[in-house]
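Residue-level structure breakdown
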Amino acid sequence: MKSPDTQPPGAPEYPGAFFLAGSRMSKSDANRLRRFCATLALLPEGRELLDFARTEGVTVEFRADSKMGGDLGETSRPASPEESCVVTLNRTAADGCLLIVLAHELRHAQQFH
């Protein structure tokens, strides 16, 4: 069984993956996010989304409360041009699912820009 902190085979550490982590993110959530970023960075489209997120200051947070309902993720629209998007992922969802949801929500952040 793979260790929870193991990167996908052949995946380099995405430089600066920490930039996405919200300030109150737990170590286990930060490790999950790091793995998601390493996997996304394997594809040109994924790297494009990550580069955009880093440039624009997008942050990611995990939440597992009733406010998420059945949603797997959501992206907040910035209220002003000076603000950045926040992507929220449902902590209770499986990693494979959240990897796709992260890419989807980062694309929304890009569209909102």
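Residues numbered from 1 in each chain as written. Predicted model: local features only at pLDDT ≥ 70, side-chain atom pairs only at ≥ 80, totals over all residues. Heavy atoms only, no water.

**Description of the pattern of salt bridges**
Enumeration over the complete set of coordinates arrives at 6 salt bridges. The partner of D51 in a salt bridge is R54, and the shortest N-O contact between them spans 3.2 Å. With D51 and R54 both in helix α2 (residues 44-56) and 3 residues apart, the pair spans about one turn of that helix. Take D51: its relative accessible area is 29%, and that puts it in the partly exposed class. Under the relative-accessibility criterion, R54 is labelled partly exposed at 37%. Here the salt bridges do not stand alone but share partners, grouping R32, R35 and D95 into one network. (Salt bridge = Lys/Arg side-chain N within 4 Å of Asp/Glu carboxyl O. Helix = DSSP H or I, 4+ residues; strand = E, 2+ residues; numbered from the N terminus. Buried < 20%, exposed > 50% of the residue type's maximum accessible area, 1.4 Å probe, protein only.)

**Structural notes on the nonpolar core**
Within the largest apolar cluster, 23 residues are counted, with the highest numbers of intra-cluster contacts made by V58, L89, L102 and L106. Where this core is concerned, the elements lending two or more residues are α1 (27-40), α2, β1 (59-63), β3 (86-90) and α3 (95-112). Tallying contributions element by element places α3 first for this core, with 6 residues. Not counting the four nearest positions on each side in its chain, L102 is found in contact with L33, F36, L40, V60, V87 and L89. (Core = buried A, V, L, I, M, F, W, Y, C linked by side-chain atoms within 4.5 Å. Contact = heavy atoms within 4.5 Å.)

**Comments concerning the confidence of the model for the chain**
In this model, the chain carries an average pLDDT of 82, and 78% of its residues clear a pLDDT of 70 or more. Every residue in residues 1-8 scores below 50 in pLDDT, and together they form 12 contacts with partners more than four places removed in sequence or on other chains. (pLDDT = per-residue confidence, 0-100.)

**Overview of the sheet that holds β1**
The strand order β1-β3-β2 describes an open sheet built from 3 strands, whose pairing is mixed. Each edge of the open sheet carries a strand with a single partner, namely β1 and β2 (73-75). Each strand axis lies, on average, 20° off the axis of its neighbour in the sheet, ignoring direction. In this fold α1 packs onto β1 and β3, with an angle of close to 125° to the strand it touches most, β1. (Pairing = 2+ DSSP bridges. Axes fitted to C-alpha atoms, helices over the stretch in contact; angles between N-to-C directions.)

**Some points on the side chain of T88**
Within the fold, T88 resides in strand β3. Within the structure, T88 has its side chain in polar contact with the side chain of E61 (distance 3.2 Å). Look past the residues within four positions of T88 in its chain and what remains in contact with it is E61, R63, M68, L72, G73 and E74. (Polar contact = N/O pair within 3.5 Å; in protein donor to acceptor, adjacent residues only side chain to side chain.)

**Details of the environment of G73**
Within the secondary structure, G73 sits in strand β2. If we ignore the near neighbours within four places in the chain, the residues touching G73 are M68, T88, L89, V101 and E105.

**Some thoughts on the packing of α2 against α3**
Two elements in contact, α2 and α3, have axes separated by 10 Å at closest approach and are oriented at 55°. Judged by the inter-axis angle, α2 sits oblique to α3. Between α2 and α3 the crossing geometry is left-handed. Contacts between α2 and α3 involve E48, L49, L50, F52 and A53 from the first element and A103, L106, R107, A109 and Q110 from the second. A per-class count over the contact of α2 with α3 returns 7 nonpolar, 1 polar and 2 charged. (Parallel < 35°, antiparallel > 145°, perpendicular 65-115°, else oblique. Left-handed = near helix turned anticlockwise from the far one by under 90°. Nonpolar A, V, L, I, M, F, W, Y, C, P; charged D, E, K, R; others polar.)

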